[in-house]
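Letter by letter, the chains look like this.
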Amino acid sequence: MALLKFDAGKCNLCGICINKCPFGALSMEAEGIDVNEKCKMCGVCVKTCPEKAIRFEQKAGSVDKSEWNDILVYGEQTDGKIHPVVFELIGEAQKLAKVNNYNVKAVLTGGRGTKENAEELLNYGVSHVYVYEHENFTGFKADCYADAAADCIATVKPSVVLIGATPLGRSLAPRLATRFHTGLTADCTKLEMKENTDLVQIRPAFGGNIMAQIVISNSRPQFATVRYKVMDTAKKAENPKGQVIMCNVTEDLVKSKITVSEIKKIIKNKSIEEEEVLVAAGRGVKSEKDVEMVRELAELLGGQLAFTRPMVEAGFGDTAHQIGLSGRTVKPKLIITVGVSGAIQFTACMNSAECIVAINNDPDAQIFGVAHYCIVDDLYKIVPELIENIKKGGI
């Protein structure tokens, strides 16, 4: 990555930067000081150079936007397969790309089988898939995964980089944004592209009370993470014409300070993000007995019980089953809200459901603004009737 620039006129080859570099990324070569893949863009060399001969390639306000083009999607893999969020990112990237006639590209890092997964992405209209495949990439290692992704970004120079807001993505994205001295907007719920190539990144802020529009106008690339189940999944292309590019993986690129001693799959129940049917309990559900009544409705419908944040704080549920900004984003085929008022922190994370049924005795409840079917009545009357009808085969 040529992200550090040396001024040959100022540099006296004193070697202080080489000695001070904590990562051993600098070396003295015949042509001068060389920067290798170990560089983490920490800035120690810039600060310690007595002649001020070292600078970062990119500073805010100095970037030439015309040199940064296209949209790059980070292709996360889990259990040897492409994570579903990647297909949502590709679908959203294709919409954004139309504004400036950009191509949609992807980068994958991993062990054996990564190339085969990359070929799968070609079916969704991706023009290029850059593959960093090596046995030492087996198991997520934040440092060398960031090195590989940064190597690709420095070479491809995308205007936008989209990453899933998964545990892996939330670890990787800030590392990359720091290296390129650019901005990162996390947990975006909507994206828009301007004709001047600036990406408008929209996400709830201040506890969900406002929808913030964030623009990175003075640097590139523009990094954004997007929650799973927020965007529409990409459709397969009729005549895919993309290509897989195998990238050179050096020994320095796969060196990591992290040692993966064992990979053990955690056996877990189906998460609420994966459910097609959810019943969400809000503050209108008053007691543990009432919660169990709502749970029975969810189970009879073949789904799971979910909660609003106040219900979790009251001890009725856990964050794994919480819908909202501090919980999970869901996109089921059917969601029934029971006694939910409909604060934006909640609705922003479930309003993409195919069918929303709301039960609340307050006709002015905010939830009715997003619901497809509104039942203004006492939940203690409606829910038992629903349960009884289902048991009788009436629904």
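Rules used in this analysis
Residues numbered from 1 in each chain as written. Predicted model: local features only at pLDDT ≥ 70, side-chain atom pairs only at ≥ 80, totals over all residues. Heavy atoms only, no water. Axes fitted to C-alpha atoms, helices over the stretch in contact; angles between N-to-C directions. Helix = DSSP H or I, 4+ residues; strand = E, 2+ residues; numbered from the N terminus. Left-handed = near helix turned anticlockwise from the far one by under 90°. Contact = heavy atoms within 4.5 Å. Nonpolar A, V, L, I, M, F, W, Y, C, P; charged D, E, K, R; others polar. Phe/Tyr/Trp six-rings, centres within 6.5 Å; stacked < 30°, edge-to-face > 60°. Buried < 20%, exposed > 50% of the residue type's maximum accessible area, 1.4 Å probe, protein only. Pairing = 2+ DSSP bridges. 1 Å grid on protein atoms, 1.4 Å probe; cavity = no way out; pocket = protein on both sides within 12 Å on 5 of 7 lines; lining within 4 Å. Points joined across faces, edges and corners; volume = space filled by probe spheres on them. Core = buried A, V, L, I, M, F, W, Y, C linked by side-chain atoms within 4.5 Å.

(A) Representation of the packing of helix α8 (residues 288-300) against helix α11 (residues 379-391) in the model. α11 packs onto α8 with a crossing angle of 35° between their chain directions and a minimal axis gap of 10 Å. The handedness of the crossing between α8 and α11 is left-handed. Mapping the contact onto sequence places Asp-290, Met-293, Glu-296, Leu-297 and Leu-300 in α8 and Leu-379, Tyr-380, Val-383, Pro-384, Leu-386, Ile-387, Ile-390 and Lys-391 in α11. By residue class, the composition of the contact of α8 with α11 is 10 nonpolar, no polar and 3 charged.

(B) Structural view of the packing of aromatic side chains. Considering all chains together, one arrives at 4 aromatic pairs under this definition. Centre to centre, the rings of Phe-137 and Tyr-145 are 5.8 Å apart; their planes meet at 85°, and the pair counts as edge-to-face. Relative to Tyr-145, the ring of Phe-140 has its centre 5.1 Å away and its plane inclined at 85°; by these criteria the two rings are edge-to-face. The exposure class assigned to Phe-140 is partly exposed, which follows from its relative accessible area of 31%. Overall, Tyr-145 belongs to the buried group, its relative accessible area being 6%. Ring-pair connections join several aromatic residues into one group, and the members of that group are Phe-137, Phe-140 and Tyr-145.

(C) Summary view of the pairing of strand β10 (residues 160-164). β10 sits mainly inside the fold: 5 of its 5 residues count as buried. For strand β5 (residues 71-74) and β10, the ladder comprises 3 bridges, and the chain directions are parallel. Residue pairing for β10: Leu-72 is matched across the bridge by Val-161. Looking at chain direction, β10 and strand β15 (residues 222-226) are connected through 5 bridges and run parallel. Looking at β15, one finds that Gly-164 is bridged to Val-226.

(D) A look at the sheet that holds strand β20 (residues 355-360). In spatial order, the strands read β18-β17-β19-β20-β21; together these 5 strands make up an open sheet with parallel pairing. Every interior strand has two partners, whereas the edge strands, β18 (304-307) and β21 (373-376), have only one. Averaged over all pairs of adjacent strands, the angle between their axes in this sheet comes to 20°, without regard to strand direction. Along the sheet, α11 contacts β19 (334-338), β20 and β21; its crossing angle with β20, the most-contacted strand, is approximately 130°.

(E) Highlighting the sheet that holds strand β14 (residues 210-215). Spatially, the 3 strands line up as an open sheet ordered β12-β13-β14, and their pairing is antiparallel. Edge positions in the open sheet fall to β12 (190-193) and β14, since each of these has one partner strand only. Across the sheet, the axes of successive neighbouring strands diverge by a mean angle of 25°, strand direction being ignored. The pairing of β12 with strand β13 (residues 199-205) spans 4 bridges and is antiparallel. Its bridge partner lying in β13, Glu-192 is registered against Val-200. Helix α3 (residues 84-100) rests against β12 and β13 of the sheet, and its axis sits at about 20° to β12.

(F) Structural view of the pairing of β20. Counting buried positions along β20 yields 6 of 6 residues, so the element is predominantly enclosed. Both faces of β20 are covered, namely the face carrying Cys-355, Val-357 and Ile-359 and the face carrying Ile-356, Ala-358 and Asn-360. In this structure, β19 lies alongside β20, joined through 5 bridges in parallel fashion. Pairing of Ile-335 across the sheet is with Ile-356, part of β20. Bridge count for β20 against β21 is 4 bridges, and the pairing is parallel. Residue pairing for β21: Asn-360 is matched across the bridge by Val-376.

(G) Spotlight on empty space enclosed by the protein. Inspection of every chain in the model, using the stated rule, returns 4 cavities of 30 Å³ or more. The computed volume of the largest cavity comes to approximately 90 Å³. Around the largest cavity, the lining is made up of 14 residues, and of these Leu-4, Cys-21, Cys-39, Cys-42 and Cys-45 lie nearest the centre. Broken down by class, the residue content of the lining of the largest cavity amounts to 12 nonpolar, 1 polar and 1 charged. Taken as a whole, the second largest cavity spans an internal volume of roughly 70 Å³. Taken together, 14 residues form the lining of the second largest cavity, with Cys-11, Cys-14, Cys-17, Ile-33 and Cys-49 sitting closest to its centre.

(H) Examining the nonpolar core more closely. Among the nonpolar cores identified, the biggest contains 33 residues, and Ile-71, Ile-90, Leu-121, Val-129, Leu-162 and Leu-191 are the most heavily contacted of them. Of all the elements in the fold, those that place two or more residues in this core are β5, α3, β8 (104-110), α4 (114-121), β9 (128-133), β10, β12 and β15. When residues in this core are grouped by element, the largest group, 8 residues, is from α3. In this structure, Leu-121 is in contact with Ile-82, Val-86, Phe-87, Ile-90, Ala-106, Leu-108, Val-126 and Val-129, ignoring residues within four places of it in sequence. Tyr-74, Val-156, Cys-247 and Leu-253 belong to the second largest nonpolar core, which has 30 residues in total.

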